[in-house]
Amino acid sequence: MKLNPFNRRIGLALGGGAAKGMAHIGVLKAMEENGLDIEYISGTSIGALVASYYAFGKSIDSLEAISKDMSFSSLIGFKLQKQGIFSTKSVREMIVRDLGEVYIEQARIPLAICTTDIKTGEQVILKEGKLADAICASMAVPGVFIPVEIHGRQLVDGGITENVPVSILDRMGAGITIAVDLNGSPHYQEPKDIIAIMGNAIDIAIDLRTKEQISKADLILSMDLANFSRMGNEEEFEELRKLGYEEMNKKLNQFFWYRKIRYFFYLKKILLMIAPIKIPDVLRFSEKLKKRFLKK
């Protein structure tokens, strides 16, 4: 919990999950309808793609229309090399078509894209440079997609280091951080092909780490999307957007109550810092409410 009740700037982190990322569009729609202005946004893999489109001013209606082009089959380019099976050329072409040859720092909403240096294992957060390169790198699943070279580094899927990049939001200036985890299910879809097997293996490897990383967010939306294909089944896209919308609405209803209680919590801490005075009963009652709320 950040001791700064006056910083209400919202930072949103959108996680990876391949085609399940269509749920992010519903999440954004729910936030807009609830009057929440996103002032910082970050993303990994498909989360980086959706976050970028939103940060560059694409409306929810536009995102819904564009999502029809985001199936796995339409985004891959076969290019067998030693470093991977598919290229990200089609992804790059789609981004340039929709947004132009833009740079990350030109976004209307401050944007950060999470990638991983496959040589060193380091997390690489990109906040400037060519947008298309950064997104392609963040989506480049090792062994499946060819790594993207940026500034001499071989960059791949950011999910390896931080699948829901919430940590960067504090450093960007956010006072309230929101994490959206597409892989919050304790079980996984029965794999029916080699891509699904690889997808499950990657999810299992990173999910435990993700739970620990997002625990520091002020609001966590963790969705059970295990029954949805990560391959981009277009018939599921509308349902994914609907689920993201409904789940975020539920969370925000809780969040608004919590935010009101939180001010009492901050006031109590400030009073204790100023002088060892007796805490008013109303503040003790608010803390009981906070504890009761967090148990739900």
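Note that the structure is predicted; figures quoted are calculated from it, not measured.

A. The arrangement of the pattern of salt bridges in detail. Applying the stated criterion across every chain yields a total of 6 salt bridges. A salt bridge links Asp98 to Arg97; its shortest N-O distance comes to 2.8 Å. Judged by relative accessible area, Asp98 falls into the buried class, the value being 18%. A single network of salt bridges, built from pairs that share partners, joins Asp117, Glu122 and Arg153.

B. Focus on the environment of Cys114. By the element assignment, Cys114 lies in strand β5 (residues 111–117). Judged by relative accessible area, Cys114 falls into the buried class, the value being 1%. Sequence separation between Cys114 and Ser138 is 24 residues, and the spatial gap between their C-alpha atoms is 6.1 Å. With near-sequence residues (within four places) excluded, Cys114 lies in contact with Gly43, Thr44, Gln123, Val124, Ile125, Ser138, Gly158, Thr161, Glu162 and Pro165.

C. Summary view of the packing of helix α2 (residues 46–55) against helix α5 (residues 89–99). Packing of α2 against α5 leaves a shortest axis separation of 11 Å and a crossing angle of 10 degrees. On the basis of the axis angle, α2 is roughly parallel to α5. Between α2 and α5 the crossing geometry is right-handed. In contact with Leu49, Ser52 and Tyr53 of α2, α5 contributes Met94, Ile95, Asp98 and Leu99. Across the contact of α2 with α5, the residue classes break down as 5 nonpolar, 1 polar and 1 charged.

D. Examining α5 more closely. Among the residues of α5, Ser90, Val91, Met94, Ile95, Asp98 and Leu99 are the ones counted as buried. End-on view of α5: buried residues confined to an arc of 135 degrees, all on one side of the axis. α5 presents Lys89 and Arg97 as exposed residues on the side facing more than 90 degrees away from its buried surface. Positive phi appears at Gly100, one or two residues downstream of α5, with a value of about 90 degrees.

E. A look at the environment of Leu131. Within the secondary structure, Leu131 is located in helix α6 (residues 131–138). On the basis of relative accessible area, Leu131 is assigned to the buried category, the value being 0%. In the structure, Leu131 is positioned 79 residues away from Ser52 in sequence and 8.0 Å away in space, judged by C-alpha atoms. With sequence-adjacent residues up to four places away left out, Leu131 is seen in contact with Ser52, Phe56, Ile95, Leu99, Val102, Tyr103, Ile104, Leu111 and Ile113.

F. Structural view of the pairing of strand β10 (residues 219–222). Burial of β10 is one-sided: the residues Leu219 and Leu221 facing one way are buried, the residues Ile220 and Ser222 facing the other way are not. Inspection of the sheet shows strand β9 (residues 176–181) paired to β10 by 4 bridges, in the parallel sense. In the sheet register, Asp181 faces β10, and the bridge partner there is Ser222.

G. A look at the confidence of the model for the protein chain. Across the protein chain, the average pLDDT comes to 82, with 77% of residues at 70 or higher. A low-confidence stretch, residues 77–82 (pLDDT under 50), is modelled with 13 contacts involving residues beyond four sequence positions or located in other chains.

Conventions adopted
Residues numbered from 1 in each chain as written. Predicted model: local features only at pLDDT ≥ 70, side-chain atom pairs only at ≥ 80, totals over all residues. Heavy atoms only, no water. Salt bridge = Lys/Arg side-chain N within 4 Å of Asp/Glu carboxyl O. Buried < 20%, exposed > 50% of the residue type's maximum accessible area, 1.4 Å probe, protein only. Helix = DSSP H or I, 4+ residues; strand = E, 2+ residues; numbered from the N terminus. Contact = heavy atoms within 4.5 Å. Axes fitted to C-alpha atoms, helices over the stretch in contact; angles between N-to-C directions. Parallel < 35°, antiparallel > 145°, perpendicular 65-115°, else oblique. Left-handed = near helix turned anticlockwise from the far one by under 90°. Nonpolar A, V, L, I, M, F, W, Y, C, P; charged D, E, K, R; others polar. Arc of directions from axis to C-beta. Pairing = 2+ DSSP bridges. pLDDT = per-residue confidence, 0-100.

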